[in-house]
Amino acid sequence: CLSDADKITRKRGLDRLFDHLQSQNLGDAQQVRQALDILLPHCAVLLGDAAERSRELAVEILSLLLFKAENNNELLPPVMDAIKDRYFPTSVEPTEEIRLLVVQFLCKIVKQMPVSVFHFRCLCPLLM
């Protein structure tokens, strides 16, 4: 339902998925990684969704999974690529709240993860 043509169906699916992920104990790194592998392509597309709530939930889901994963430094490149593809070089998030959410997500990445040169190169264009 995350790729459904109907925006209400996508939003409802994201709401249910986000609620489910929040309520689950995803302590097993393998489970988190599998969930992120499955959901990342969908969330990457949904970062550009027409519905504001869908864009917001896509960022929230990525953040939730990324920071629950052990050894999450390995997961950072595909997440950063998805964010970079959505917002760089010319696309601008029209909603202030989601722009703030994305900046908070990026700040959390910088604060909580060892940032390699590769990741720094991904982050710089996004923050300028």
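What counts and what doesn't
- Residues numbered from 1 in each chain as written.
- Predicted model: local features only at pLDDT ≥ 70, side-chain atom pairs only at ≥ 80, totals over all residues.
- Heavy atoms only, no water.
- pLDDT = per-residue confidence, 0-100.
- Helix = DSSP H or I, 4+ residues; strand = E, 2+ residues; numbered from the N terminus.
- Buried < 20%, exposed > 50% of the residue type's maximum accessible area, 1.4 Å probe, protein only.
- Contact = heavy atoms within 4.5 Å.
- Axes fitted to C-alpha atoms, helices over the stretch in contact; angles between N-to-C directions.
- Parallel < 35°, antiparallel > 145°, perpendicular 65-115°, else oblique.
- Left-handed = near helix turned anticlockwise from the far one by under 90°.
- Nonpolar A, V, L, I, M, F, W, Y, C, P; charged D, E, K, R; others polar.

K.L.:
Account for the confidence of the model for the protein, with residues named and values stated.
P.N.:
Residue-level pLDDT values for the protein average 78, and 80% of them are 70 or greater. The lowest-confidence element of the protein is helix α6 (residues 117–127), averaging 55 in pLDDT; the highest-confidence one is helix α1 (residues 7–23), averaging 89.

K.L.:
Now, about the side chain of Ser63: what can you tell me, with residues and values included?
P.N.:
In this structure, Ser63 sits in helix α3 (residues 52–68). Among the residues examined, Ser63 registers a relative accessible area of 13% and is labelled buried. Setting aside chain neighbours within four positions, we find Ser63 in contact with Phe105 and Lys108.

K.L.:
Requested: an account of the side chain of Ser54, with residues and values cited.
P.N.:
Checked against the element boundaries, Ser54 lands in helix α3. For Ser54, a relative accessible area of 0% puts it in the buried group. The residues contacting Ser54, other than those within four sequence positions of it, are Lys7, Arg10, Lys11, Leu14, Leu46 and Asp49.

K.L.:
An account of the environment of Lys108 is requested, with residue identities and associated values reported.
P.N.:
Take Lys108: it is sitting in helix α5 (residues 96–112). According to the relative accessible area criterion, Lys108 is partly exposed, its value standing at 32%. For the pair formed by Lys108 and Ser63, sequence separation is 45 residues and the distance between their alpha carbons is 8.9 Å. Those residues in contact with Lys108 that sit more than four places away from it in its chain are Ser63 and Phe67.

K.L.:
For the packing of helix α2 (residues 29–46) against α3, give the residues involved together with the corresponding values.
P.N.:
Closest axis-to-axis distance for the α2/α3 pair is 10 Å, and the angle between their directions is 155 degrees. Our classification of the angle between α2 and α3 gives roughly antiparallel. For the pair α2 and α3, the sense of crossing is left-handed. Touching Val32, Ala35, Leu36, Leu39, Leu40, Cys43 and Leu46 of α2 are Ser54, Arg55, Ala58, Ile61, Leu62, Leu65 and Lys68, all from α3. Taken together, the residues that form the contact of α2 with α3 break down as eleven nonpolar, one polar and two charged.

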